[in-house]
Amino acid sequence: MNILSRCTRNMIAASLICLLDFGMTQAAELVMLEQDGCAWCLRWDEEISGIYPKTTEGKLAPLRRVDIDEPWPLDLAGINPDQYTPTFVLVHEGVELGRLRGYAGDEFFWVLLGEMLEKIPR
């Protein structure tokens, strides 16, 4: 990770910590749409899944996995499914706040996720 990426990630993390400090309720989740045989899902698992729950981002929006080949969860009825995997959908109180299609590596993931998390209402 280069110095610019580290600085960007640190600034986003600091912003998220501020959101947590101001008493944001735990109403957000990051829904990962996946399917068997998805090579990019496996790469995300190898690079991110082990650390995600331990991060500020993971505490603000815990991960929820949804297999796109299974019936769509009733509580996500207001969220449009996607055929492209992985797709990450930030959901807050049943409303989609942002969507990230694909996985192009950890640097892109953290920056784009940070931008989505900034959309969570205070």
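**Here's the deal with the sheet that holds strand 3 (residues 87–92)**
Consideration 1: Judged by pairing direction, the sheet is mixed, and its 4 strands sit side by side in the order 2-1-3-4 without closing on themselves. Looking at the sheet topology across the chains shown, the edges are occupied by strand 2 (63–67) and strand 4 (95–101). Neighbour-to-neighbour, the strand axes of this sheet turn through a mean angle of 25 degrees, independent of strand direction.
Consideration 2: In the sheet, strand 1 (residues 28–34) pairs with strand 3 via 6 bridges, with the strands oriented antiparallel. Looking at the pairing, Ala28 lines up with His92 of strand 3.
Consideration 3: Taken strand by strand, helix 4 (residues 106–117) contacts strand 1, strand 3 and strand 4, and its axis lies near 165 degrees from that of strand 4.

**Section: the packing of aromatic side chains**
Consideration 1: Throughout the structure, instances matching the rule amount to 7 aromatic pairs.
Consideration 2: Aromatic side chains Phe88 and Phe109 sit 5.2 Å apart centroid to centroid with 65 degrees between the ring planes, which places their arrangement in the edge-to-face category. Here Phe88 is found in strand 3, whereas its partner Phe109 is found in helix 4, with 21 residues between them in sequence. Taken individually, Phe88 and Phe109 each receive the classification buried, so the pair is uniform in this respect.
Consideration 3: Here the aromatic cluster, defined as three or more aromatic residues joined through ring pairs, consists of Trp44, Tyr52, Phe88, Tyr103, Phe109 and Trp110.

**Considerations on helix 2 (residues 39–49)**
Owing to its 3.6 residues per turn, the α-helix aligns residues three or four sequence positions apart on the same side.
Consideration 1: Among all positions in helix 2, only Cys41, Trp44 and Ile48 are buried. Seen from one end, helix 2 has its buried residues packed into an arc of 60 degrees, which puts them on one side. Seen from the open side of helix 2, the exposed residues pointing more than 90 degrees away from its buried face are Ala39, Leu42 and Glu46.

**Considerations on helix 4**
Consideration 1: The end-to-end C-alpha distance of helix 4, which contains 12 residues, comes to 16 Å, matching closely the 16 Å that a straight helix rising 1.5 Å per residue would cover.
Consideration 2: Along helix 4, the residues classified as buried are Phe109, Trp110, Leu113, Gly114, Met116 and Leu117. Summarising the axial view, the buried residues of helix 4 lie within an arc of 160 degrees, below the 170-degree limit, and thus occupy one face.

About the criteria used
- Residues numbered from 1 in each chain as written.
- Predicted model: local features only at pLDDT ≥ 70, side-chain atom pairs only at ≥ 80, totals over all residues.
- Heavy atoms only, no water.
- Pairing = 2+ DSSP bridges.
- Helix = DSSP H or I, 4+ residues; strand = E, 2+ residues; numbered from the N terminus.
- Axes fitted to C-alpha atoms, helices over the stretch in contact; angles between N-to-C directions.
- Contact = heavy atoms within 4.5 Å.
- Phe/Tyr/Trp six-rings, centres within 6.5 Å; stacked < 30°, edge-to-face > 60°.
- Buried < 20%, exposed > 50% of the residue type's maximum accessible area, 1.4 Å probe, protein only.
- Arc of directions from axis to C-beta.
- Expected span 1.5 Å × (residues − 1).

From the geometry alone we can't say anything about function, so treat these as descriptive.
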